[in-house]
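Residues per chain are reported as follows:
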Amino acid sequence: MPARSAPSHLFFLIQPKGNGAILFSMRGTPRGPELSKIGTFEDRDESQLLTLTLNAALQGGTGALAEVHRCSASLPGPLRRAITDIAREIKDANGDAPRAEAARRTARAVMESLGQRNAAAFSLFSATDCGSCPNCGCTVDEDCAKCAVCDSSPRGRGCEDCSGVGVTPRTAFVLHRQLKDLADKTYLAAYDPDFWAYSVPVSAGAQSNWFLLHCARAYDDLAADLLAGGIPEPRCLAESVLFGHAVNSIGGFSIESVCADEVYQTLPASRFDYDWEFLANESGLLDVSDRAHDVLEADVAEDDLWDEWFKPYTDVEPRGTTHGFRGPTPFTVRRAARLA
């Protein structure tokens, strides 16, 4: 059977079994999606991490295939070979640019539709830098709290040779929730003229519903970057502005509902959680362009933003634009009805 007509992987998922789990692949076939068993893991945490990295690889996550090989290196022979074969299939698909882009769009759409937010997705982010610095001589713990050098340094962020703890698992979870919440509100504002929740900056307040739909999709795309295990990388001015708006507005974000989430509670805590000022201003990890800052600081609505906002940056790969739009989640609709 030609490679192009072979069943394609759409999504990887696990079924718990004792202390382990069974790994399945959802594959696209001419008959429709089908589940295919890949193998059984003795360690469920190991299966969750590998499942995440495989899904990240399907979405084109940077370094995801290398992480798949690393995670599978210690597996029993037959299971390791099965994972290696899958990684080879994904790599081969990536060699055909149109085919790879179509596969990534499909993988993201499937993940969004299934609403997968497991702990492994956010566990790719680190809660500590302990053990990575030759000068500190510290041992790994939850959040560098036992390292005398880190504890005594400015802001508790290690010596000058430490790379510094960046986006932690719980920080990534909160940021993802914020981006999805803003996407929902923006979709609702586009579909319902009586609803407005300030989900976009003031300067974009006078734009059309078509403009708002693209803003909502941009929030979803940024959130999907986090599910792929990476820090969101804006691909146009709109994404830079909306990402900055999301980070800036987290201060008023109700964290109580996030803390009650079961996925959130499984993630490691760190004393570096939610240090938004450091991430946006000092480390630059969540910083945006100067032009985006100008837009965010504007206090009047602007006209004719389309050409500038959605023109792809020249130094990064543009996102696909054929994955359409979704509607607001039922939860957002119900909440808007209560506020009306």
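Residues numbered from 1 in each chain as written. Predicted model: local features only at pLDDT ≥ 70, side-chain atom pairs only at ≥ 80, totals over all residues. Heavy atoms only, no water.

## Notes on the overall build of the protein chain
- A tally of regular secondary structure across the protein chain gives 15 helices and three strands.
- Counting only residues that meet the buried cut, the protein chain has 48% of its 340 residues in that class.
- Long-range contacts, defined as pairs at least 24 residues apart, comprise 68% of the intrachain contacts of the protein chain with a sequence gap of at least 6.
- Summing over all exposed atoms, the protein chain offers an accessible surface of approximately 17100 Å²; the carbon and sulfur share of this is 52%. (Helix = DSSP H or I, 4+ residues; strand = E, 2+ residues; numbered from the N terminus. Buried < 20%, exposed > 50% of the residue type's maximum accessible area, 1.4 Å probe, protein only. Contact = heavy atoms within 4.5 Å. Areas by Shrake-Rupley, 256 points an atom, 1.4 Å probe, with all protein chains shown as cover.)

## Quick look at the nonpolar core
- Core analysis: the largest hydrophobic core is formed by 55 residues, its most contacted members being Leu175, Leu179, Phe243, Trp276, Leu286 and Trp309.
- Broken down by secondary-structure element, the contributors of at least two residues to this core are α5 (119-123), α7 (169-191), α8 (209-227), α9 (237-248), α11 (262-266), α12 (276-282) and α13 (290-297).
- In this structure, Phe41, Ala56, Leu65 and Ile90 belong to the second largest nonpolar core, which totals 20 residues. (Core = buried A, V, L, I, M, F, W, Y, C linked by side-chain atoms within 4.5 Å.)

## Some remarks on the packing of helix α1 (residues 44-58) against helix α3 (residues 77-94)
- Packing of α1 against α3 leaves a shortest axis separation of 10 Å and a crossing angle of 15°. It follows that α1 is roughly parallel to α3 by the angle criterion. Both α1 and α3 take part in a crossing whose hand is left-handed. Touching Leu50, Leu54, Ala57 and Leu58 of α1 are Ile83, Ile86 and Ile90, all from α3. (Axes fitted to C-alpha atoms, helices over the stretch in contact; angles between N-to-C directions. Parallel < 35°, antiparallel > 145°, perpendicular 65-115°, else oblique. Left-handed = near helix turned anticlockwise from the far one by under 90°.)

## Things to note about the packing of aromatic side chains
- What the rule picks out here adds up to six aromatic pairs.
- Ring geometry for phenylalanine 211 versus tryptophan 306: centroids 6.3 Å apart, planes at 65°, classification edge-to-face. With phenylalanine 211 in helix α8 and tryptophan 306 in helix α14 (residues 306-309), the pair connects residues that are 95 residues apart, well separated along the chain.
- Plain terms: the ring middles of phenylalanine 211 and phenylalanine 310 are 5.3 Å apart, the flat faces sit at 75° to each other, and that makes the pair edge-to-face. Remark: phenylalanine 310 occurs in the loop between α14 and α15 (330-339) and phenylalanine 211 occurs in helix α8; sequence separation between them is 99 residues. The same class applies to phenylalanine 211 as to phenylalanine 310, namely buried. (Phe/Tyr/Trp six-rings, centres within 6.5 Å; stacked < 30°, edge-to-face > 60°.)

## Here's the deal with the environment of leucine 50
- Note on placement: leucine 50 falls in helix α1.
- When the C-alpha positions of leucine 50 and valine 68 are compared, they lie 6.4 Å apart, and in sequence the two are 18 residues distant.
- Those residues within four positions of leucine 50 in sequence are excluded, and the remaining contacts are Phe41, Val68, Cys71, Leu75 and Ile83.

## Concerning the sheet that holds strand β1 (residues 8-17)
- Ordered by their spatial adjacency, three strands build an open sheet running β1-β2-β3, and the pairing between neighbours is antiparallel. What marks the edges here is a single partner per strand, and that holds for β1 and β3 (32-41). Across the sheet, the mean angle separating the axes of adjacent strands is 25° when strand polarity is ignored.
- Here β1 pairs with strand β2 (residues 20-29) via nine bridges, running antiparallel. Bridge pairing in β2 links proline 16 to alanine 21.
- Those strands touched by α1 are β1, β2 and β3, and its axis lies near 170° from that of β1.
- Sitting on the sheet, α3 is in contact with β1, β2 and β3, with an inclination near 140° to β3. (Pairing = 2+ DSSP bridges.)

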